[in-house]
Amino acid sequence: MRIPMNYLLVNLAVSDMMVAVFMSPRFVFSQTLNHPRGTLGDYLCKILTGDSFTWTGALASDFTLVCIAVERYLAINYPYSEKKRLTAKKLKYVIPACWLFAIAVNLPAFMYLVYDDNSGSCVPFWPTPNFMKYHSVINSCIFFIFPALIMGVLYTLLVHLLWFKNRTVTTSVTQQAVLKHRRHSTKMVITVSLIYCICWFPNCFAYIYVAFSSKQLFGGVHTASVLMVSLNSAINPIIYSLQSHRFRRHMAALLKRCRRNKVCVHYRGKETNSVQASVV
């Protein structure tokens, strides 16, 4: 189980959970609790209610998907070369680098987000009028365009290699099993990447539109685009369960164990109550 692909999937799961956890304060707590104002409100915007860590987790998820595409491409093209493959040893540096880069890209959000009394929400106060335009273009390239291009090129090459180049019938059962496994895992990560692109495009488009257009964007459109990003993080475990037989098997074993533990606790509780009743 300790293979590079699984390490990357764990990192993807952590980043997805981070998006879900830090997305809640904005859409849940802000509707039920009064947001503090002043300096405390500004710091809360930077740390908790302003989506700074949400976008950090989302960008880490983005980089992880790119790493998965690179790992799949190198593993299939160079299966016996440790130098060219993305090994577990190399991931010790790659995964922290993903998170550090994600934090660095989101530094403007940590720096310029403050609480606005008029709108009653956390908004960025950019240092210059054109800063938002530059920020929207750079963010769209980093969050969507560059990753989509990299994943698109790599997965196109993999599809050509696995489905078209290897059309010759192999007599070896082992080779057929390896090819089947590679196709299955590649289909899973391609599905995850496609859903990522679909879910992220509305948000990137909305941000650029707001930055360059003089017209105000309907608030519901922005909220829907942000929720699409959240949907991307929430739907990944479902994709794993549908595509990965191993994932389904381990999840079923985990659920059975939890159910068994609940039954044991319930039985012990009944046994304790009966003993206490007999003593009384």
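Residues numbered from 1 in each chain as written. Predicted model: local features only at pLDDT ≥ 70, side-chain atom pairs only at ≥ 80, totals over all residues. Heavy atoms only, no water.

Some details on the overall build of the chain
Link 1 in the chain: When its secondary structure is counted, the chain shows 9 helices and 2 strands.
Link 2 in the chain: The secondary structure elements of the chain, listed N-terminal to C-terminal, are α-α-α-α-α-β-β-α-α-α-α.
Link 3 in the chain: A total accessible area of about 17300 Å² is found for the chain, and carbon and sulfur atoms account for 67% of it. (Helix = DSSP H or I, 4+ residues; strand = E, 2+ residues; numbered from the N terminus. Areas by Shrake-Rupley, 256 points an atom, 1.4 Å probe, with all protein chains shown as cover.)

Details of the nonpolar core
Link 1 in the chain: Residues Ile68, Tyr155 and Trp200 are the most contacted members of the largest nonpolar core, which totals 48 residues.
Link 2 in the chain: Listing elements by their share of this core, those giving two or more residues are helix H1 (4-32), helix H3 (52-77), helix H4 (88-105), helix H6 (131-165), helix H7 (173-212) and helix H8 (219-243).
Link 3 in the chain: When residues no more than four places from it in sequence are discounted, the contact partners of Tyr155 are Leu65, Ile68, Ala69, Val189, Ile190 and Ser193.
Link 4 in the chain: Among the nonpolar cores identified, the runner-up in size contains 5 residues, and Cys45, Ala109, Leu113 and Cys122 belong to it. (Core = buried A, V, L, I, M, F, W, Y, C linked by side-chain atoms within 4.5 Å. Buried < 20%, exposed > 50% of the residue type's maximum accessible area, 1.4 Å probe, protein only. Contact = heavy atoms within 4.5 Å.)

Some details on H7
Link 1 in the chain: For H7, spanning 40 residues, the distance from its first C-alpha to its last is 58 Å, which sits close to the expected 58 Å at 1.5 Å a residue.
Link 2 in the chain: At Trp200, H7 shows its strongest bend, of approximately 30 degrees, with the proline Pro202 following within four residues. (Expected span 1.5 Å × (residues − 1). Bend = angle between axes of the 7 residues up to and from the residue.)

What about the pattern of salt bridges?
Link 1 in the chain: Taken as a whole and judged by the stated rule, the model has 2 salt bridges.
Link 2 in the chain: The salt bridge involving Asp117 is made with Arg37; its shortest N-O contact spans 3.8 Å. Note that Asp117 is positioned in the loop between strand E1 (113-116) and strand E2 (121-124) and Arg37 in the loop between H1 and helix H2 (38-49), a separation of 80 residues in sequence.
Link 3 in the chain: Relative accessible area serves as the criterion here: at 47%, Asp117 is assigned to the partly exposed category.
Link 4 in the chain: Across the pair Glu71 and Arg72 runs a salt bridge whose closest N-O atoms are separated by 3.0 Å.
Link 5 in the chain: Using a relative accessible area of 11% as the deciding quantity, one classes Arg72 as buried. (Salt bridge = Lys/Arg side-chain N within 4 Å of Asp/Glu carboxyl O.)

As for the side chain of Asn139
Link 1 in the chain: Residue placement: Asn139 occurs in helix H6.
Link 2 in the chain: According to the relative accessible area criterion, Asn139 is buried, its value standing at 12%.

Quick notes on the UniProt feature "transmembrane region" (unreviewed entry) in the chain
Link 1 in the chain: UniProt's feature table lists "transmembrane region" (unreviewed entry) at residues 6-29, 93-114, 134-158, 189-212 and 224-242, given in the numbering used throughout.
Link 2 in the chain: Split by type, residues 93-114 is 86% helix and 9% strand. Its first and last C-alpha atoms lie 34 Å apart.
Link 3 in the chain: The annotated region residues 134-158 carries 100% helix and 0% strand content, and the separation between its end C-alpha atoms amounts to 34 Å. (UniProt positions renumbered as here; feature names shortened; annotations may be inferred.)

Quick word on the packing of H3 against H4
Link 1 in the chain: Relative orientation of the contacting elements H3 and H4 amounts to 140 degrees, with a least axis distance of 8 Å. With respect to H4, the element H3 is oriented oblique. For the pair H3 and H4, the sense of crossing is right-handed. Residues Thr56, Gly57, Leu59, Ala60, Phe63 and Cys67 of H3 lie in contact with H4, whose contacting residues are Val94, Cys98, Trp99, Phe101, Ala102, Ile103 and Val105.
Link 2 in the chain: Here the contact of H3 with H4 is built from residues that sort into 11 nonpolar, 2 polar and no charged. (Axes fitted to C-alpha atoms, helices over the stretch in contact; angles between N-to-C directions. Parallel < 35°, antiparallel > 145°, perpendicular 65-115°, else oblique. Left-handed = near helix turned anticlockwise from the far one by under 90°. Nonpolar A, V, L, I, M, F, W, Y, C, P; charged D, E, K, R; others polar.)

Looking at the environment of Lys133
Link 1 in the chain: Along the chain, Lys133 falls in helix H6.
Link 2 in the chain: C-alpha separation for the pair Lys133 and Ser213, spaced 80 residues apart in sequence, amounts to 9.9 Å.
Link 3 in the chain: In this view, Lys133 contacts Ala211 and Phe212; residues no more than four positions away in its chain are not counted.

Quick look at the confidence of the model for the chain
Link 1 in the chain: Summary statistics for the chain give a mean pLDDT of 79 and a share of 82% for residues scoring 70 or more.
Link 2 in the chain: Looking at the elements of the chain, mean pLDDT is at its lowest for helix H9 (residues 245-279), recorded as 61, and at its highest for H4, recorded as 91.
Link 3 in the chain: Within the model, the stretch residues 274-280 combines pLDDT values under 50 with 0 contacts to residues more than four positions away or in other chains. (pLDDT = per-residue confidence, 0-100.)

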